[in-house]
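# What the coordinates show
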Amino acid sequence: MEMEKITSFTVDHIRLVPGVYVSRRDMAGDTVITTFDIRMTSPNDEPVMNTAEVHTIEHLGATFLRNHGEWKDRILYFGPMGCRTGFYLLLIGEYESADIVPLLREMFAFIASYEGEVPGARAKDCGNYLDMNLPMAKYLARKYLDEVLTDIPDFRLNYPD
Ligand SMILES: [Zn+2]
């Protein structure tokens, strides 16, 4: 069976750098869904994140987003990319990458300074609750905040041509 290459595989991952990108926009009925590519490491260029810290960022990020006063009703999904270089965030509505930078700054600052038990990190609540690394999650959140989200330039908001 001949299968078409899906859109996200057509992005030049060699030239892709950490940033915030619109991966795609889809119609669900008459509602636009925007999928963001929250790219935290440079693909095929630097080490990927380990699963434990990815898992911790997922739990903390999802908890933050679904409790956010302004955005919670527009959050459809937040979760990791299988390649462990970033996350996907799906929002209900049509957005540009710059629209969510303030939200992401808040979210990664929340993760970077988080103390205490990781939400949902219990056997009853999660499929692999011991697989968590809060110190590394905080380190990576701080790094992304400082090196990418603070004073983010245009080339980190638009996929390479
Ligand atoms: Zn989990």
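Attention in this report is confined to the structure presented alongside it. (Residues numbered from 1 in each chain as written. Predicted model: local features only at pLDDT ≥ 70, side-chain atom pairs only at ≥ 80, totals over all residues. Heavy atoms only, no water.)

A few words now on the coordination of the zinc ion. Around the zinc ion, the protein supplies H55 (NE2), H59 (NE2) and C126 (SG) as donor atoms, at distances of 2.1 to 2.3 Å. The motif formed by the donor residues of the zinc ion, counted along the single chain, is H-x3-H-x66-C. With H55 in helix α1 (residues 51-66) and C126 in the loop between α2 (101-112) and α3 (134-149), this pair connects stretches of sequence that are 71 residues apart. In this structure, H55 and C126 share a single accessibility class: buried. (Donors = N, O, S within 2.8 Å, 3.2 Å for Na, K, Ca; no water. Helix = DSSP H or I, 4+ residues; strand = E, 2+ residues; numbered from the N terminus. Buried < 20%, exposed > 50% of the residue type's maximum accessible area, 1.4 Å probe, protein only.)

Turning next to the packing of α1 against α2. Their axes nearest at 10 Å, the elements α1 and α2 cross at an angle of 125°. Put simply, α1 runs oblique to α2. Considering the relative orientation of α1 and α2, their crossing is right-handed. Note on element contacts: α2 touches α1 through L103, E106, M107, F108, F110 and I111, opposite I57, L60, G61, F64 and L65. (Axes fitted to C-alpha atoms, helices over the stretch in contact; angles between N-to-C directions. Parallel < 35°, antiparallel > 145°, perpendicular 65-115°, else oblique. Left-handed = near helix turned anticlockwise from the far one by under 90°. Contact = heavy atoms within 4.5 Å.)

Despite not being glycine, N44 has its phi angle at roughly 60°, a positive value. Locating N44 in the fold gives a position in the loop between β2 (31-39) and α1. For N44, a relative accessible area of 69% corresponds to the exposed category. In the Ramachandran plot, R84 falls in the positive-phi region, its phi being about 65° despite a non-glycine side chain. When you line up the elements, R84 lands in the loop between β3 (75-80) and β4 (86-92).

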